[in-house]
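Listed below are the residues making up each chain.
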Amino acid sequence: MKYHTSRFLPFVILIQSCARSPMAAPDYRKNNYPFQVAPSTEHWDPISLTEKIRAQFKNHDVEAAVSLRKFSHQNEQDPKIWWGTDGGFPNYVVRDIKVSVDSAALKIPPEIFSDFADFSVGKGHLDFLYSKKEFVIRYMGGNGAGYYTADLIFSADGFDRAYIWKLSSLGYGPGVIRRANAKQPPFPRPPVRSNGSFRGL
């Protein structure tokens, strides 16, 4: 569902996650990353395993909710490799991500987050960021060698792209870019060091 650009300037939700793609995402830890964190409030629902975040941007109410479910080996739709793990199986996987502006829902293709996983539940996995033209919902998941950061980025037309980065024993490798209506890059192999630097996979 589109929202009126005359009433709302886009905002960005960043999600932390692990991945690599043919085109590397910009490093969100650098000073030139275009988004900045905005004040927000969080809520955790232990019954539905859902974390919610709410923020106000340009007098508009922005809400996001990330719902998890317990991992099951019997679910044939589960991908074989998950963001947030170091080659094993997670405790939880992301079931759904919902974002709305002034109660108007913005659609996110399920294939963007269908392989996001985690080992813990509760508050502290979400952040809200924005720039002049876009907004971001950030999700931080996994632990140890499987830690990842995923940024979901929205423009005036709705969801546009996701940046995903994976942490390994060598640090963060180049991030993956996932876009709506496009073949999504797969979960990457662990980055390897070549001549003291990360080598593309």
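Right above here is the structure, for reference.
A quick note: this is a predicted structure, and the numbers were derived from the prediction, not measured.

Colleague: How would you explain the side chain of Ser 100 if you had to name every residue and give the values?
Modeller: Turning to its location among the elements, Ser 100 is positioned in strand β6 (residues 92–101). The buried category is assigned to Ser 100, whose relative accessible area is 15%. Once residues within four sequence positions are removed from consideration, Ser 100 is found in contact with Asp 61, Val 62, Glu 63, Ala 105 and Leu 106.

Colleague: Let's hear about the environment of Pro 26: which residues, and what values?
Modeller: Secondary-structure assignment places Pro 26 in the loop between β1 (12–17) and β2 (36–37). The partly exposed category is assigned to Pro 26, whose relative accessible area is 36%. Each C-alpha atom, one on Pro 26 and one on Tyr 163, is 7.9 Å from the other, the two residues being 137 residues apart in sequence.

Colleague: Explain the pattern of salt bridges to me, and be specific about the residues and the numbers.
Modeller: Counting across every chain of the model gives 6 salt bridges. In this structure, the salt-bridge partner of Arg 161 is Glu 134, at a minimum N-O distance of 2.6 Å. On the criterion of sequence distance, the pair formed by Arg 161 in strand β12 (residues 158–168) and Glu 134 in the loop between β9 (126–130) and β10 (135–141) is long-range, its members being 27 residues apart. The exposure class of Glu 134 is buried, given its relative accessible area of 15%. Residue Asp 151 pairs with Arg 138 through a salt bridge whose shortest N-O separation is 2.8 Å. Residue Asp 151 is located in strand β11 (residues 148–155), and its partner Arg 138 is located in strand β10; the two are separated by 13 residues in the primary sequence. Each member of the pair, Asp 151 together with Arg 138, is buried. When salt bridges with common partners are traced through the structure, they connect Glu 134, Asp 160, Arg 161 and Arg 179 into a single cluster.

Colleague: If you had to explain the packing of aromatic side chains to someone new, which residues and values would you point to?
Modeller: Summed over the entire model, instances satisfying the criterion amount to 8 aromatic pairs. Seen from their ring centres, Phe 135 and Phe 154 are 4.5 Å apart, and the 0° between their planes marks the pair as stacked. Of this pair, Phe 135 sits in strand β10 while Phe 154 sits in strand β11; the two residues are 19 residues apart in sequence, bridging distant segments of the chain. Here Tyr 139 and Tyr 148 contribute two aromatic rings whose centre-to-centre distance is 6.3 Å and whose plane-to-plane angle is 45°, an arrangement assigned as tilted. There is no split in this pair, since Tyr 139 and Tyr 148 are both buried. Taken together, the ring pairs in this structure connect Trp 83, Phe 116, Tyr 139 and Tyr 148 into an aromatic cluster.

About the cut-offs
Residues numbered from 1 in each chain as written. Predicted model: local features only at pLDDT ≥ 70, side-chain atom pairs only at ≥ 80, totals over all residues. Heavy atoms only, no water. Helix = DSSP H or I, 4+ residues; strand = E, 2+ residues; numbered from the N terminus. Buried < 20%, exposed > 50% of the residue type's maximum accessible area, 1.4 Å probe, protein only. Contact = heavy atoms within 4.5 Å. Salt bridge = Lys/Arg side-chain N within 4 Å of Asp/Glu carboxyl O. Phe/Tyr/Trp six-rings, centres within 6.5 Å; stacked < 30°, edge-to-face > 60°.

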